[in-house]
Each structure stands twice: as structure tokens, then as C-alpha cells.
Amino acid sequence: MKIFVVVGSQFPFDRLIKTIDNWALSNKEVFITGQIGKSSYIPKNMVYYESLSSKDFNACFSESDLIISHAGMGVVLKSLVENKPILVLPRMLALKEVATDHQMATAKALQKMNYINVAMNVEELLNYLEKPNKILSKCKIGPYASDSLISALKNFIENI
């Protein structure tokens, strides 16, 4: 199994990287690549890059069986478009990992819609990872907005 861990480029996410790196120590049969940003934690048990070119990011993404990520919309939407299993651990304002709790709100909303797998804390993340092959893609979306959404937006703009 191959896992690609993504934290985005704006903020470090040491809690996620450290958790996955520690898990990797006892799961050596799983190949893990991480895009870790400017993390102060340096992984010892996985291949990692601070950042990746679009080409390299897409290659890691495509080659992976599972994406583990922060609740960034870029990677979430890419997972949904490509029908790739994703497990999201949102950054938390209370832990000073982000400036607002928008990732918690995003993760909760997408989980309620049954679009993505969400771990609200490290314990839930580790529970999911007990059977990583059982983490499935929950939803596939098209790469473009639906005609009904475009129509609704057009009507909204015209009636402002």
C-alpha cells in the first residue's frame, strides 16, 4: 500500500506528520510519502518533501492508494474528482495550527454529506489506520460545476 500525506503549503502541520511518522515505524510494509511544508518535525520513517512541483505532486497523488491530508479544499477536491480515497484530519484553531476553525467546519460539512473520511483527532486517525485498506473513496465529482449550480449563480448575480 502507498499513502501520500499532504499538508499544503501555507502552514506546517506537525501533529499530522508526527502521528503518521510514528505510525509508519510499526507499519513498514506501507510506503509513505509526505509533502510536509515547513514542518519543525522531521520525519524518520517516511519519504518526505517540504514542497513538490505540480508534476511531482500529481505523480505522488496518482501512485498512492490513500491520501491523508489537512482539510484543504485543493486536495479534497482533487481526491473527489479522481475518486481517490482520502482521510482528512482538520487543523485546529485551539491548537494554533490555523488562524480560524474553517478546516473543522469544512471537514464536518463534507463528512455530513458523506463525501470524505474525517478523523477529528489523532485517536480517530489511528483508528482509521488500523485497517488502511478499508478506507474507501466515498464520492466522485466531475471536474466542472454542474449546469444547475452555474444557473443558480447566474440568477443570483443577475438579481443583485
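The text that follows walks through the structure, step by step, so that each part is easy to find. (Residues numbered from 1 in each chain as written. Predicted model: local features only at pLDDT ≥ 70, side-chain atom pairs only at ≥ 80, totals over all residues. Heavy atoms only, no water.)

## Brief notes about the pattern of salt bridges
As enumerated under the stated definition, the model contains 3 salt bridges in all. The partner of Arg15 in a salt bridge is Glu97, and the shortest N-O contact between them spans 2.7 Å. Of this pair, Arg15 sits in helix α1 (residues 14-25) while Glu97 sits in the loop between β5 (86-88) and α4 (102-112), placing them 82 residues apart in sequence. Assigned by exposure class, Arg15 and Glu97 land together as buried. Lys78 is the salt-bridge partner of Glu82, the closest N and O atoms lying 2.7 Å from each other. (Salt bridge = Lys/Arg side-chain N within 4 Å of Asp/Glu carboxyl O. Helix = DSSP H or I, 4+ residues; strand = E, 2+ residues; numbered from the N terminus. Buried < 20%, exposed > 50% of the residue type's maximum accessible area, 1.4 Å probe, protein only.)

## Digging into a nonpolar patch on the surface
Nonpolar side chains collect at one region of the surface, where Leu149, Leu153, Phe156, Ile157 and Ile160 lie side by side and expose about 580 Å² of accessible area between them. On the secondary structure map, Ile157 appears in helix α6 (residues 147-158). Taking the relative accessible area as the measure of exposure, Ile157 reaches 59% and is therefore exposed. (Patch = residues over 30% accessible without salt bridge, like charges linked within 9 Å, V, L, I, M, F, W, Y side chains within 5 Å. Areas by Shrake-Rupley, 256 points an atom, 1.4 Å probe, with all protein chains shown as cover.)

## Details of the side chain of Gln103
By the secondary structure assignment, Gln103 is in helix α4. Look at Gln103 and you get buried, because its relative accessible area is 4%. A polar contact is formed between the side chain of Gln103 and the backbone nitrogen of Ala71, at a distance of 3.1 Å. Every residue in contact with Gln103, bar those within four places of it in the chain, is listed here: His70, Ala71, Gly72, Pro90 and Arg91. (Polar contact = N/O pair within 3.5 Å; in protein donor to acceptor, adjacent residues only side chain to side chain. Contact = heavy atoms within 4.5 Å.)

## Examining the packing of aromatic side chains
Two numbers describe a pair of aromatic rings. These are the distance of the centres and the angle of the planes. Going through the model one piece at a time under the given rule, you end up with 2 aromatic pairs. Aromatic pair Phe4 and Phe57: ring centres 5.2 Å apart, planes at 65°, arrangement edge-to-face. Of this pair, Phe4 sits in strand β1 (residues 2-6) while Phe57 sits in helix α2 (residues 54-63), and the two are 53 residues apart along the sequence. In this arrangement the basic side chain of Lys78 is found over the ring face of Phe61, its NZ or CZ atom lying 4.9 Å from the centre. (Phe/Tyr/Trp six-rings, centres within 6.5 Å; stacked < 30°, edge-to-face > 60°. Lys NZ or Arg CZ within 6 Å of the ring centre and 35° of its normal.)

## Comments concerning the nonpolar core
With 22 residues, the main nonpolar core has Ile3, Val5, Leu16, Ile20, Ile32, Ile68 and Leu125 as its most contacted residues. Those elements that provide at least two residues to this core are β1, α1, β4 (66-69) and α5 (122-129). When residues of this core are assigned to their parent elements, the largest contribution, 5 residues, is made by α1. Phe57, Cys60, Val76 and Leu80 belong to the second-largest nonpolar core, a separate cluster that totals 19 residues. (Core = buried A, V, L, I, M, F, W, Y, C linked by side-chain atoms within 4.5 Å.)

## Observations regarding the packing of α2 against helix α3 (residues 73-81)
For the pair α2 and α3, interaxial distance at closest approach is 12 Å and the crossing angle is 50°. By the criterion of interaxial angle, the relationship of α2 to α3 is oblique. The hand of the α2/α3 crossing is right-handed. Contact residues: α2 offers Phe57, Asn58 and Phe61, while α3 offers Val75, Lys78 and Ser79. (Axes fitted to C-alpha atoms, helices over the stretch in contact; angles between N-to-C directions. Parallel < 35°, antiparallel > 145°, perpendicular 65-115°, else oblique. Left-handed = near helix turned anticlockwise from the far one by under 90°.)

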